[in-house]
Amino acid sequence: MNQRVNRIRQILVALVMIAAVVGFSSCEKYSYTPPAVNSNTTWHFQTDIQPIFNSNCVSCHGGTQSPNLSSGKSFEALKNGGFVKLPAETGRLYLKMNSSSHISRSTETDRLKVLYWITQGALNN
Ligand code: HEC
């Protein structure tokens, strides 16, 4: 009799432990928040924006296709071509990145960085 009670107790303890492990691991999964892309952070052309162009755009916009988004050329091309006028949402760069022909070329995070960079004055920073 006592043995059976002990066995049931062992099983209950094991179940509670399993529940705790499952509970904790699912908490971890859902409480993870990716690094924030927000408008309070200063976004830099050289270190935040140009790398987006390098990875996603220069294969086409490397010289012949306007605007030229290659490193060293992109800032002038965007400024002189009037691609980054305010308000940012209506500028040609941001609009194009969100258009059906281009939306798959960048992530939402990338587009937010571009939006905030333009809103912050589209500086060559
Ligand atoms: C597969 C080739 C290709 C890639 C990659 C590409 N583009 Fe384009 N892009 C084009 C072509 C072709 C046009 C001209 C036709 C059009 O407007 O859709 C264009 C047009 C544009 C224009 C508008 C030019 C204007 O005169 O208004 C902008 C701005 C632009 N692209 C930005 C980007 C950015 C930013 C990226 C990367 C996130 C990118 N493109 C990636 C091919 C590409």
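In this text, all values refer to a predicted model and were calculated from it rather than measured experimentally.

Rules of the game
- One numbering rule holds for all chains: residues counted from 1, following each sequence as written.
- Restriction of local features to residues with pLDDT of at least 70 applies here, the model being predicted, together with a cutoff of 80 or more for giving and counting side-chain atom pairs; totals for whole chains, interfaces and linings are based on all residues.
- Computation of side-chain values covers all heavy atoms of the structure but excludes hydrogens and water.
- Only runs of H or I of at least four residues qualify as helices and only runs of E of at least two qualify as strands under DSSP, and these elements are numbered from the N terminus.
- To estimate the expected span of a helix, subtract one from its residue number and multiply by 1.5 Å.
- Using a 1.4 Å probe on the protein chains alone, a residue whose accessible area is under 20% of its type maximum counts as buried, one over 50% counts as exposed, and one in between counts as partly exposed.
- Any pair of residues with heavy atoms lying within 4.5 Å of one another is described as a contacting pair.
- Coordinating donors are taken to be N, O and S atoms lying within 2.8 Å of the metal, or within 3.2 Å when the metal is Na, K or Ca; because water is excluded from the atom set, some sites may appear incomplete.
- Here the metal geometry follows the donor angles, with tetrahedral for four donors whose angles all fall between 85 and 135 degrees, square planar for four and octahedral for six when opposite donors are more than 155 degrees apart and every other angle is between 65 and 115, and irregular for all the rest.
- For our purposes a nonpolar core is just a set of buried Ala, Val, Leu, Ile, Met, Phe, Trp, Tyr and Cys residues, chained together by side-chain atoms within 4.5 Å.
- Distances are taken per atom, and a residue is near a molecule or strand as soon as one of its heavy atoms is within 4 Å of it.
- Polar contact is the term for a pair of N or O atoms within 3.5 Å; when the atoms are in protein, one must be able to donate a hydrogen and the other to accept it, and sequence-neighboring residues count only if both atoms are side-chain atoms.
- Amino acids outside the nonpolar list (Ala, Val, Leu, Ile, Met, Phe, Trp, Tyr, Cys, Pro) and the charged list (Asp, Glu, Lys, Arg) are all regarded as polar, and Gly is one of them.

### Comments concerning helix α5 (residues 108–119)
- When the terminal C-alpha atoms of α5 are compared, their 16 Å separation across twelve residues agrees well with the 16 Å that a helix rising 1.5 Å per residue should span.
- Along α5, the residues classified as buried are Asp110, Arg111, Lys113, Val114, Leu115, Tyr116, Trp117 and Ile118.
- Buried residues along α5 sit against α2 (45–56), α3 (74–80) and α4 (92–97).
- Downstream of α5 by one or two residues, Gly121 has phi in the positive range, about 110°.

### Looking at the coordination of the iron atom of the ligand
- The iron atom of the ligand binds to the protein through His61 (NE2) and His102 (NE2); the donor distances cover 1.9 to 2.0 Å.
- In this structure, the iron atom of the ligand is surrounded by six donor atoms whose angles at the metal cover 87 to 178°, and the resulting shape is octahedral. Taken together, the residues His61 in the loop between α2 and α3 and His102 in the loop between α4 and α5 connect sequence positions 41 residues apart.
- What makes His61 buried here is its relative accessible area of 11%.
- Assessed through its relative accessible area of 24%, His102 is described here as partly exposed.

### With respect to the environment of Ser59
- With respect to the element layout, Ser59 can be found in the loop between α2 and α3.
- Put simply, Ser59 and Leu69 are ten residues apart on the chain and 9.4 Å apart in space, counted from C-alpha to C-alpha.

### Some thoughts on the nonpolar core
- In this structure, Phe53, Leu78, Leu93, Trp117 and Ile118 are the most contacted members of the largest nonpolar core, which totals 22 residues.
- For this core, the secondary structure elements donating two or more residues are α2, α3, α4 and α5.
- When residues of this core are assigned to their parent elements, the largest contribution, five residues, is made by α5.
- Setting aside residues no more than four positions away along its own chain, Leu78 makes contact with Phe45, Phe53, Pro67, Leu69, Phe83, Val84, Leu93 and Trp117.

### Considerations on the site of the ligand
- Around the ligand, the surrounding shell holds 18 residues, and the nearest of these are Cys57, Cys60, His61, Lys96 and His102.
- In the model, an oxygen atom of the ligand is placed 2.6 Å from a nitrogen or oxygen of the Lys96 side chain.
- Residue assignment for the shell around the ligand shows that the elements contributing at least two residues are α2 and α4.
- Take the shell around the ligand: its biggest share by element is four residues, from α4.
- Its residues assigned to classes, the shell around the ligand shows eight nonpolar, seven polar and three charged.

Keep in mind that these numbers describe shape and distance, not what the molecule does.
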